[in-house]
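# Commentary on secondary and tertiary structure
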Amino acid sequence: RGTCGSPGQPPTLPAPQKVVATWEAISLGRRPVPEYFNFAHDVLDMWSQLEKAGHRPPIPAFWWVDGMGAEVKWSFEELGEQSRKAANVLGGVCGLQPGDRVMLVLPRLPEWWLVSVACMRTGAVMIPGISQLTEKDLRFRLQASKAKCIITNDSTAPQVDAISADCPSLQTKLLVSDSSRPSWVNFRELLREASTEHSCARTKSQDPLAIYFTSGTTGNPKMVEHTQASYGLGFVASGRRWVALTESDIFWNTTDTGWVKAAWTLFSAWPNGSCIFVHKLPQVDAKTILNTLSRFPITTLCCVPTIFRLLVQEDLTRYQFQSLKHCLAGGEALNPDVREKWKSQTGLELHEGYGQSETVVICANPKGSKIKSGSMGTASPPYDVQIVDDEGNVLPPGGEGDIAIRVRPTRPFCFFSCYLDNPEKTAASERGDFYITGDRAHVDKDGYFWFMGRNDDVIISSSYRIGPIEVESALAEHPAVLESAVVSSPDPTRGEVVKAFIVLSPAYSSRDPETLTWELQEHVKRVTAPYKYPRKVEFVSELPKTVSGKIQRSKLRRQEWEK
Ligand code: ATP
Ligand code: MG
C-alpha cells in the first residue's frame, strides 16, 4: 500500500536522499500524486525504518522542553509507537472512524504532535484551535465543524463544558491532564494502557486530513479543508527550498499549535527526517527564546515578525547561539529594518516566506538566494504565482494588483479543497484562471514579489494608492517606534488619509507627543515618498492582534470610520 514503502520490508531500503527526492518530485508537481497516501504510514514509518538502518544522525525526531528542566525526546520509532497507542485511544474509547472530525486545542504539549499523528493513523480529520479560544469561539467552531470529539486540557475544559450542550455532534471529550474531570475521558491514563499494535487507515490522497479556521484577521474565520496529500506532501519542496531542512537539522518554530504554521512545520520537517524542537513557552518572551537558542543545538528558527521585532530590542551580541544557521519569518510582513538589525547583530540572514491557511508556501526567499530587502521572495513551486487585474488578466512587472495562483487548467494538488459549507465564498475566491489571495502586491522583472497589504488595507488618498506596509516599514526605521499599524482615516478633502497607530519604544515613552509626531512625519517623508507620510498619528500602548500575533488593521480602521 502507499507508494513510499511500508514497515516490515527492510531488505532493500533505499537511501534517504532517494526517498525524499521522490516525495519532493511529487511536491513540485513533477510526479503524479499517488492514489493512496497516509503521512503516518508512508512518511513517518518509513523514517522509522531508515532510522533503524542507521540512516539518521542520533538526534530525536521530536524534542520538547518546558524550560524548567523537563524534556521529552522521541525517535521516529518511539513517535510511531506512542502514536499507534494514541490511535487506539481515538479509535477505541472515542469510537472515531475515518472522516470523523476531532477538535484539538492544546498548548505546546507533546500530546499535540502525538494526537496529530494518531488522527492520521485513524483517518480522523483534525481541527486545531488555539488555547485562547473563548466559549463563543469554541461554540462557533464545534457547531460549524460538527466535530465528534474534542481533545484539550484543564484550562480549556471548563469553557467546553459551558457550551457542550449547544453542540449536539460532540460525543467525546478527551482530557490531557494528570487529573480527572466528570464527563471527560482521561487521555493520559488510556494512553498508558493502550496497545502498541495498530493498523493504519488506508486513506486516499484526496481524503480530508485537516480543517483549519483562518486567523480571522479580516472577519469571521473560514473553514479551510486540506487533504492527506495537500498538506502531507505539499510542504516537502518548501521544506527543502525555503526551510532547507535535512536529517541533521533541528527545527524550532515558536508558533502556537492552533495555527497553520504548526502543521507547516510538521509537514516540512518530518519528510526531511529533521527533528522538531518545541519549547512549552507559556509566555512568548524574548529572553526565553534567546536563552533557548543558546542552550540547545537548534539549527533552524522560524518566528512571526512580531517576535523578531521583540528579539531585536534585546542586546543580541550577549548571546552565543549554539548551532543556529538558518532563520525564517512568515505570517505577516517583515519590516526591512528588523531583518537588518537581526542580521547585523547575529550575522544571520532572515528569510521571509508568504502563504495562507488555504495554501502551502506561495512565495519565499530560499536559503542561499539573493535577498531583496522588503520583498517576500519569489514564487514557490509548483505554484504559478501572478499579479492579476480586476478581470483576471496577468499584469506585467511593476503593475500593482492581486496576488493570484493559477488553478486552471490544473488546480495544484497542494491547495485547499474548499471553504467548507460555503460554496459562495469558495467560488468568490476565483477569478478567471486564478485563485485570488486577497493580498495586493507587484512583482519585479526578476520575479520578486513586493507585498503592499491586504486588499482592504490599501489606503487611497487623493487618488494615490498607499500600502500600509511601506509606511510601517519606514516608521520602523525610527528608534522611537517599537511597532505600528497604518490604516485609512476619513478626511473631508482627501477622502481618506494615512493614520499611524504607534507603540513607542520605552526610551521614548515620555517624549512630548507633538514634537515626536512632527519628527516621525518628517522621518517618513525622508525615507519614503512624501505623499505616504501619516497625516494623523496616535500613540497607543498596544495594537490589536489576533492570537497568532497578526496586527488587526481592520479593527483600527473600523474604529476610525465609526468615530
Ligand atoms: P482571515 O482570512 O480569516 O482574515 P488571515 O488571512 O490572517 O485571516 P491566515 O491564512 O492565517 O489568515 O493568514 C494568511 C495571510 O497572512 C495572508 O493572506 C497575508 O495577508 C498574511 N501574510 C502571511 N505571510 C505574509 C508575509 N510574509 N507578508 C505579508 N503578509 C503575509
Ligand atoms: Mg485570509
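Heads up: the structure comes first, above all this text.
Residues numbered from 1 in each chain as written. Chains lettered and ligands numbered in written order. Predicted model: local features only at pLDDT ≥ 70, side-chain atom pairs only at ≥ 80, totals over all residues. Heavy atoms only, no water.

## A closer look at the overall build of the protein chain
The helix and strand tally for the protein chain stands at 17 helices and 26 strands. Compactness check: the protein chain gives a C-alpha radius of gyration of 24 Å against a globular reference of 24 Å for 563 residues, within 12% of the reference. Considering only C-alpha atoms, the protein chain reaches an extent of 70 × 55 × 50 Å along its principal axes. Considering only residue pairs separated by 6 or more positions, the protein chain has 69% of its internal contacts joining residues 24 or more positions apart. Of the side chains in the protein chain, 63 bear a positive and 64 a negative charge, and the two mean positions are spaced by 2 Å. (Helix = DSSP H or I, 4+ residues; strand = E, 2+ residues; numbered from the N terminus. Rg over C-alpha atoms; globule rule 2.2 N^0.38 Å. Contact = heavy atoms within 4.5 Å. Lys, Arg positive; Asp, Glu negative; His and termini not counted. Charge placed at Lys NZ, Arg CZ, Asp CG, Glu CD.)

## Observations regarding the environment of Val471
Tracing the backbone through its elements, the reader meets Val471 in helix α15 (residues 468-476). Residue classification places Val471 among the buried residues on the basis of a relative accessible area of 0%. If sequence neighbours within four positions are ignored, Val471 has contacts with Ile466, Val486, Val498, Val524, Lys532 and Pro534. (Buried < 20%, exposed > 50% of the residue type's maximum accessible area, 1.4 Å probe, protein only.)

## With respect to the sheet that holds strand β15 (residues 361-364)
Taken together, the 9 strands give an open sheet; going across it, the order is β2-β1-β11-β10-β12-β13-β14-β15-β16, and neighbouring strands pair in mixed fashion. On the outer flanks of this sheet lie β2 (71-74) and β16 (378-379), each paired with one strand and no other. Here strand β13 (residues 326-330) runs beside strand β14 (residues 350-355); their pairing, made up of 4 bridges, is parallel. Paired with Leu328 across the strands is His351, a residue of β14. (Pairing = 2+ DSSP bridges.)

## Observations regarding the nonpolar core
Within the largest apolar cluster, 127 residues are counted, with the highest numbers of intra-cluster contacts made by Tyr231, Trp270 and Trp342. Take this core: its biggest share by element is 8 residues, from helix α4 (residues 110-122). Among residues more than four places away in sequence, those in contact with Trp342 are Leu301, Phe308, Leu311, Val312, Leu316, Phe321, Leu324, Cys327, Gly347, Leu348 and Leu350. Counting residues in hydrophobic clusters, the runner-up holds 21 residues, among them Ile127, Ala147, Ala157 and Val160. (Core = buried A, V, L, I, M, F, W, Y, C linked by side-chain atoms within 4.5 Å.)

## Quick word on the environment of Arg553
Inspection of the secondary structure assignment puts Arg553 in helix α17 (residues 553-562). Residues Arg553 and Ser484, 69 residues apart in the sequence, show an inter-C-alpha distance of 10.0 Å. Beyond its immediate chain neighbours, meaning those up to four positions away, Arg553 contacts Glu332, Asp457, Pro468, Ile469, Glu472, Ala485, Val486 and Val487. Of note is the side chain of Arg553, whose polar atom sits 2.8 Å from the side chain of Glu472. (Polar contact = N/O pair within 3.5 Å; in protein donor to acceptor, adjacent residues only side chain to side chain.)

## Side note on the pattern of salt bridges
Counting across every chain of the model gives 38 salt bridges. Between Glu51 and Arg56 there is a salt bridge, with the nearest N and O atoms lying 3.2 Å from each other. Here Arg440 and Asp402 are joined by a salt bridge, their closest N and O atoms 3.4 Å apart. Pair noted here: Arg440 is in strand β20 (residues 434-443) and Asp402 is in strand β18 (residues 401-406), with a separation of 38 residues, a long-range link. On the accessibility criterion, Asp402 (1% relative accessible area) is buried. In this structure, a network of salt bridges that share partners links the residues Glu400, Asp402, Arg431, Arg440 and Arg465. (Salt bridge = Lys/Arg side-chain N within 4 Å of Asp/Glu carboxyl O.)

## What about the site of ligand 1?
The environment of ligand 1 is made up of 22 residues, and the closest members are Thr214, Thr217, Thr218, Asp439 and Lys550. Side-chain polar atom of Lys222 to an oxygen atom of ligand 1: 3.0 Å apart, as the coordinates give it. Interatomic distance of 2.6 Å between a side-chain N/O atom of Lys550 and an oxygen atom of ligand 1. If you list the elements that add at least two residues to the shell around ligand 1, you get β14 and β21 (449-454). In terms of residue class, the shell around ligand 1 is made up of 5 nonpolar, 10 polar and 7 charged. (Near = heavy atom within 4 Å. Nonpolar A, V, L, I, M, F, W, Y, C, P; charged D, E, K, R; others polar.)

## Side note on the packing of aromatic side chains
Scanning all chains against the criterion turns up 24 aromatic pairs. Ring centres 5.6 Å apart and planes at 75° place the aromatic pair Trp252 and Phe277 in the edge-to-face group. One end of the pair, Trp252, is in strand β10 (residues 250-253); the other, Phe277, is in strand β11 (residues 275-279), and 25 residues separate them in sequence. Each member of the pair, Trp252 as well as Phe277, carries the same accessibility label: buried. (Phe/Tyr/Trp six-rings, centres within 6.5 Å; stacked < 30°, edge-to-face > 60°.)

## Topic: the packing of helix α2 (residues 39-52) against helix α3 (residues 76-91)
Closest axis-to-axis distance for the α2/α3 pair is 8 Å, and the angle between their directions is 140°. Regarding the angle of α2 to α3, the classification is oblique. Between α2 and α3 lies a crossing whose hand is left-handed. Residues Leu44, Asp45, Trp47, Ser48, Glu51 and Lys52 of α2 form the contact with α3, whose own contacting residues are Phe76, Glu77, Leu79 and Arg84. Residues of the contact of α2 with α3, tallied by class, amount to 4 nonpolar, 1 polar and 5 charged. (Axes fitted to C-alpha atoms, helices over the stretch in contact; angles between N-to-C directions. Parallel < 35°, antiparallel > 145°, perpendicular 65-115°, else oblique. Left-handed = near helix turned anticlockwise from the far one by under 90°.)

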